Amino acid sequence: STSTASCSALRSPQGTAPPDDHAFVATPTVARNLRAAALALCAERPLLLEGPPGCGKTRLIQQLADLTQNTGSMVHIHLDDQMDAKSLLGAYVCTAVPGEFAWQPGPLTQAVTEGRWVVIEDINMAPPDVLAALVPLLESRTLTVASRGEGLRAEPGFQLIATVTSAPSASGGRAAG
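Since the structure is predicted, the reported quantities are computational estimates derived from the model, not experimental observations.

## Some points on unusual backbone geometry
In this structure, Glu-44 takes a positive phi of about 55° despite not being glycine. Mapped onto the fold, Glu-44 is located in the loop between helix H1 (28–42) and strand E2 (47–51). Since its relative accessible area comes to 39%, Glu-44 is described here as partly exposed.

## As for the environment of Asp-81
Looking at the element boundaries, Asp-81 is found in the loop between strand E3 (75–78) and helix H3 (85–89). Spatially, the C-alpha atoms of Asp-81 and Val-130 are 9.9 Å apart, while their sequence positions differ by 49 residues. Apart from residues no more than four positions distant in its own chain, Asp-81 is found in contact with Met-125 and Pro-127.

## Description of the packing of H1 against helix H2 (residues 57–68)
A pair of packed helices is captured by two measures, namely the crossing angle of their axes and the spacing between those axes. Two elements in contact, H1 and H2, have axes whose closest approach is 11 Å; the angle formed by their N-to-C orientations is 60°. The angle between the axes of H1 and H2 places the two elements in the oblique class. Both H1 and H2 take part in a crossing whose hand is right-handed. Residue-level contacts link Asn-33, Leu-34, Ala-37, Ala-38 and Leu-41 of H1 to Leu-60, Gln-63 and Leu-64 of H2. Looking at the contact of H1 with H2 residue by residue, the classes come out as six nonpolar, two polar and no charged.

## As for the side chain of Asp-122
Relative to the helices and strands, Asp-122 resides in the loop between strand E6 (117–121) and helix H5 (128–140). There is no salt bridge for the buried Asp-122, and the closest opposite charge comes from Lys-57, which lies 6.3 Å off by N-O distance. A distance of 2.9 Å separates a polar atom in the side chain of Asp-122 from a polar atom in the side chain of Thr-165. Residues in contact with Asp-122, not counting those within four places in the same chain, are His-78, Leu-79, Thr-163 and Thr-165.

## Side note on H1
At 3.6 residues per turn, the α-helix brings residues three or four places apart onto the same side. Over its 15 residues, H1 runs 21 Å from end to end, which matches the ideal 21 Å to within 8%, given 1.5 Å per residue. Residues Thr-29, Val-30, Asn-33, Leu-34, Ala-37, Ala-40 and Leu-41 constitute the buried set of H1. For H1, the angular spread of the buried residues around the axis is 130°, confining them to a single face. The outward face of H1, more than 90 degrees from its buried face, is lined by the exposed residues Pro-28, Arg-35, Leu-39 and Cys-42. Once H1 finishes, Glu-44 follows within two positions and takes phi at roughly 55°, a positive value.

## So, the pairing of strand E4 (residues 90–94)
Look at any regular strand and the pattern is simple: side chains alternate between the two faces of the sheet. For E4 and strand E5 (residues 101–105), the ladder comprises five bridges, and the chain directions are antiparallel. Paired with Tyr-92 across the bridge in E5 is Trp-103. From the end of E4 to the start of E5, which pair antiparallel, there are six residues, and Gly-99 there has a positive phi angle of about 80°.

## A few points about the side chain of Lys-57
Turning to its location among the elements, Lys-57 is positioned in helix H2. A distance of 3.0 Å separates the side chain of Lys-57 from the backbone oxygen of Gly-51, its partner in a polar contact.

## Details of the pattern of salt bridges
Tallied over the full model, the rule gives two salt bridges. Glu-114 is paired through a salt bridge with Arg-116; the nearest N and O atoms lie 3.0 Å apart. Here Glu-150 makes a salt bridge to Arg-148, at a shortest N to O gap of 3.2 Å. In this structure Glu-150 comes out as partly exposed when scored by relative accessible area, which is 29%.

Thresholds, definitions, all that
Residues numbered from 1 in each chain as written. Predicted model: local features only at pLDDT ≥ 70, side-chain atom pairs only at ≥ 80, totals over all residues. Heavy atoms only, no water. Helix = DSSP H or I, 4+ residues; strand = E, 2+ residues; numbered from the N terminus. Buried < 20%, exposed > 50% of the residue type's maximum accessible area, 1.4 Å probe, protein only. Contact = heavy atoms within 4.5 Å. Axes fitted to C-alpha atoms, helices over the stretch in contact; angles between N-to-C directions. Parallel < 35°, antiparallel > 145°, perpendicular 65-115°, else oblique. Left-handed = near helix turned anticlockwise from the far one by under 90°. Nonpolar A, V, L, I, M, F, W, Y, C, P; charged D, E, K, R; others polar. Lys, Arg positive; Asp, Glu negative; His and termini not counted. Salt bridge = Lys/Arg side-chain N within 4 Å of Asp/Glu carboxyl O. Polar contact = N/O pair within 3.5 Å; in protein donor to acceptor, adjacent residues only side chain to side chain. Expected span 1.5 Å × (residues − 1). Arc of directions from axis to C-beta. Pairing = 2+ DSSP bridges.

As structure tokens, then:
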């Protein structure tokens, strides 16, 4: 199953910190959300962050990656209704030799086999074939690549993190807490 954390991470007001300093304001909600997300990741569980636009979902993920030294190898995938499973998993592509094809793994396949973090933004926008490809990965940490007849077990270090953008609340987009 997927762990869920609601986020309301706050950034320092503009002009009070250098542009490369993305520190969170230390609030009880930020600490609680970081702790909940870290526990899910330590248990190798998928993580879903849900919140209104601009609440800090992606920044919370970046903070976790920074703390765990996963920033450089993290794969970001922004889903929309044009994305298909082949784009994520990979496909056979033509080579320089006429009639010859070579397997080109997609970003999700590479991340699974290399033990990297994958951040899927707006997973609620994913078409059904993408969701179907993700189910075995969510349930058993195995990626099924049907075009190759393979089931790839996620390497140690692999994490699947997704975001869902919800409608802003009546309180101006700020979560309670």
